[in-house]
Amino acid sequence: MLRQAVDLTTVEVAAVPVSGILDPVAYPEPITISRKPSKQAIRTSLRASTLDGVFATIFSNVAGGVLLSNFLVELDASPVELGMLASIPLLANLLQPLGAYLANRTTSRHRYGLWIYAPARLLWLILVLGIGVASLQPTPPHLLVQWALAIVVLTHFLGALGGASWFSWVAALVPRQLRGRYFGIRNSAISLTNLLSVPLVGLAVTAWPGGSIQGYGVLLFLGVIVGLVSIGFQYWMVDVNPQAQQQEHAESLAQESADLDAVAAETSKSKSFWQDRNFLMFLLYFALWSFSVNLSAPFFNIYLLDTLSLDVNWVTTYTSLGAGANLLMLVLWGRLADRIGNRPILVLVGILVAVTPLLWLGTGTDLTSLLVWFPLLHILAGGTWAAIDLCINNIQLGVAPVQHQATYFAIAGAVAGVSGALGTTAGGFLIEFTNSGGILGLFALSSVIRLAAILPLLFVREQRPRSVRQAVQALAQGLSNALRIPRRSPLLLKPQAVAVEATTFPDQAQ
């Protein structure tokens, strides 16, 4: 949930054709987890979620990321407006607690998501209409910038109402012991989709006969259709009734507490997240990390497109290289997370992610930068962010009590969203209105704050706590063991079909 800009704002393929993978799930009404859907039903749900993620990723690549940034750059948007483009999705996360409240009072995760995400994607047709009008008659370019930002506001504020519900839905379906592997494979799907789709859509925009702005309008129309198709795949996912699920967990807790002292049991029941020190420490880390990352993340592509005036095809090619590295590393990180835990990976890889912005200093338009340095930087970012995104998602699942998952996810999303929005806003302000070294100075500042943001993570407890020395030893052993070919899980795979799964959290944040 970190990359909306962390392109967190937030990012969710199958290796075989769609036909033959999905078998309709015979659940006309939402079920509770106590009904224990069959392994086949869970398997079908995870594959459906994969395909949902594949098509949603294609939509996100068109309605956001490099293409939307390039669209605004060509319309001469200011650095503050470009910063707003990244901060709006993060600020929208303030509505996640409200979304969790509303979702928990419905009787179907599927229906709630449908009513949230379908309108959010259809709203992009307004911008398609605006681009069409601008193609037929002279229109002030800045008017299209305002339209685009307004639609970003509406769609992401709508989407934020569904984020916690969707995350809770998937968390209820994924077996706890397979979370690292499942989300690693699932995230690989997104990376593979990015690897294939981003350069293709970038090439289509630049090669469109009517110009890149008109070409973007055509691709956006097609992207909305693809986005609606992705929602359709959720029909094959086992639905969950959140109210019945909460009642089930309440009964389970009451049964477990039957032999405890009545006062202790009552204290346990009334405990709120404000009293959960472990969760509060995770929130502090998440907020600082989101701020430091988003301070610079939206401006890496702006640096390439605007400061260095590179063609969008160069940028989409670099993005694809990062997606390829992400694809190769996600399954490895997922297996390592299952073996050694998520916190050690977040700390050790987080240090590498923190110093990455410093490696951008001294780059330019020379051949060494274009052909060697920028590709290597994007490959590094893709491989390391694969670990960060995966483990942040997983560690949230570990620190949130099962009976309050949607609420905890929403609070975490809101805190990270606000801090991330403050980061992008501060980044745009520092670039445009201060003499702080421009974009490269901002990269250096972001690196320092990222390092400081890792400190609270050292105090977050996982179910399998490890010391720093144990973590390094386990990481080295895990890297060695992870090179072995894994035995297929009967829950996720069939002999004739390998489903590759992934998250949303949009672009690779550097």
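Quantities reported herein were computed from a predicted structural model and do not represent experimental measurements.

(A) Geometry of the nonpolar core. Residues F282, W289, W333, I345, L346 and I388 are the most contacted members of the largest nonpolar core, which totals 69 residues. For this core, the element with the most residues is helix α16 (residues 367-399), which contributes eleven residues.

(B) Region of the structure containing a nonpolar patch on the surface. Taken together, the side chains of L122, L125, W208, V218, F221, L222, I225, L228 and V229 present a nonpolar region at the surface, about 690 Å² in accessible area. Top element by residues in the nonpolar patch is helix α9 (residues 212-232). It accounts for six residues. Within the secondary structure, F221 sits in helix α9.

(C) Fine view of helix α14 (residues 312-340). Taking 1.5 Å per residue as the helical rise, α14 with its 29 residues ought to reach 42 Å, and the 40 Å between its terminal C-alpha atoms agrees with that figure. M329 marks where α14 bends most, by close to 35°. The N-terminus of α14 is capped by D311, whose side-chain oxygen sits 2.8 Å from the backbone nitrogen of N313. Just past α14, the residue G341 takes up positive phi, approximately 95°.

(D) Inspection of the packing of aromatic side chains at higher detail. The full count for this structure, using the stated rule, is 17 aromatic pairs. Aromatic ring contacts, followed pair by pair, group F300, Y303, W314, Y318, W360, F374 and F443 into a single cluster.

(E) Helix α12 (residues 277-296), seen in detail. Spanning 20 residues, α12 covers 30 Å between terminal C-alpha atoms, matching the ideal 28 Å at 1.5 Å per step. Counted residue by residue, α12 has 15 buried out of 20 residues, so it is predominantly covered.

(F) Spatial organisation of the packing of helix α15 (residues 343-355) against α16. In contact at an axis separation of 9 Å, α15 and α16 are set at 145° when each is read in the N-to-C sense. The chirality of how α15 crosses α16 is left-handed. Facing α15, whose interface residues are R343, I345, L346, V349, G350, L352 and V353, α16 presents L380, T384, W385, A387, I388, C391, I392 and I395. A class-by-class count of the residues in the contact of α15 with α16 yields twelve nonpolar, two polar and one charged.

(G) The arrangement of the confidence of the model for the chain in detail. A residue-level look at the chain finds 76% of positions with pLDDT of 70 or above and a mean pLDDT of 77. Taken as a whole, residues 1-34 scores under 50 in pLDDT and shows 142 contacts with residues more than four places along the chain or in a different chain. Residue range residues 259-270 is modelled with pLDDT below 50. Its contacts to residues more than four positions away, or to other chains, number two contacts.

(H) Representation of the environment of D311 in the model. Relative to the helices and strands, D311 resides in the loop between α13 (299-307) and α14. Of the polar contacts made by the side chain of D311, one reaches the backbone nitrogen of N313; its length is 2.8 Å.

(I) Broad picture of the packing of helix α2 (residues 65-74) against α9. Packing of α2 against α9 leaves a shortest axis separation of 10 Å and a crossing angle of 145°. In the packing of α2 onto α9, the handedness of the crossing is left-handed. Contacts from L67, L68, F71 and E74 of α2 reach α9 at S212, I213 and Y216. Here the residues of the contact of α2 with α9 are counted per class, giving five nonpolar, one polar and one charged.

(J) How the structure looks around unusual backbone geometry. Of note in the backbone geometry, D76 takes a positive phi value of approximately 60° without being a glycine. Following the sequence through the fold, D76 ends up in the loop between α2 and α3 (79-91). In this structure, S309 is a non-glycine residue whose phi angle is positive, near 55°. Along the chain, S309 falls in the loop between α13 and α14. The class for S309 is exposed, based on a relative accessible area of 56%.

(K) A look at the side chain of Q234. Considering the arrangement of structural elements, one finds Q234 in the loop between α9 and α10 (242-256). The class for Q234 is buried, based on a relative accessible area of 5%. Among residues more than four places away in sequence, those in contact with Q234 are D52, H110, W166 and W169.

About the cut-offs
Residues numbered from 1 in each chain as written. Predicted model: local features only at pLDDT ≥ 70, side-chain atom pairs only at ≥ 80, totals over all residues. Heavy atoms only, no water. Core = buried A, V, L, I, M, F, W, Y, C linked by side-chain atoms within 4.5 Å. Buried < 20%, exposed > 50% of the residue type's maximum accessible area, 1.4 Å probe, protein only. Helix = DSSP H or I, 4+ residues; strand = E, 2+ residues; numbered from the N terminus. Patch = residues over 30% accessible without salt bridge, like charges linked within 9 Å, V, L, I, M, F, W, Y side chains within 5 Å. Areas by Shrake-Rupley, 256 points an atom, 1.4 Å probe, with all protein chains shown as cover. Salt bridge = Lys/Arg side-chain N within 4 Å of Asp/Glu carboxyl O. Expected span 1.5 Å × (residues − 1). Bend = angle between axes of the 7 residues up to and from the residue. Polar contact = N/O pair within 3.5 Å; in protein donor to acceptor, adjacent residues only side chain to side chain. Phe/Tyr/Trp six-rings, centres within 6.5 Å; stacked < 30°, edge-to-face > 60°. Axes fitted to C-alpha atoms, helices over the stretch in contact; angles between N-to-C directions. Left-handed = near helix turned anticlockwise from the far one by under 90°. Contact = heavy atoms within 4.5 Å. Nonpolar A, V, L, I, M, F, W, Y, C, P; charged D, E, K, R; others polar. pLDDT = per-residue confidence, 0-100.

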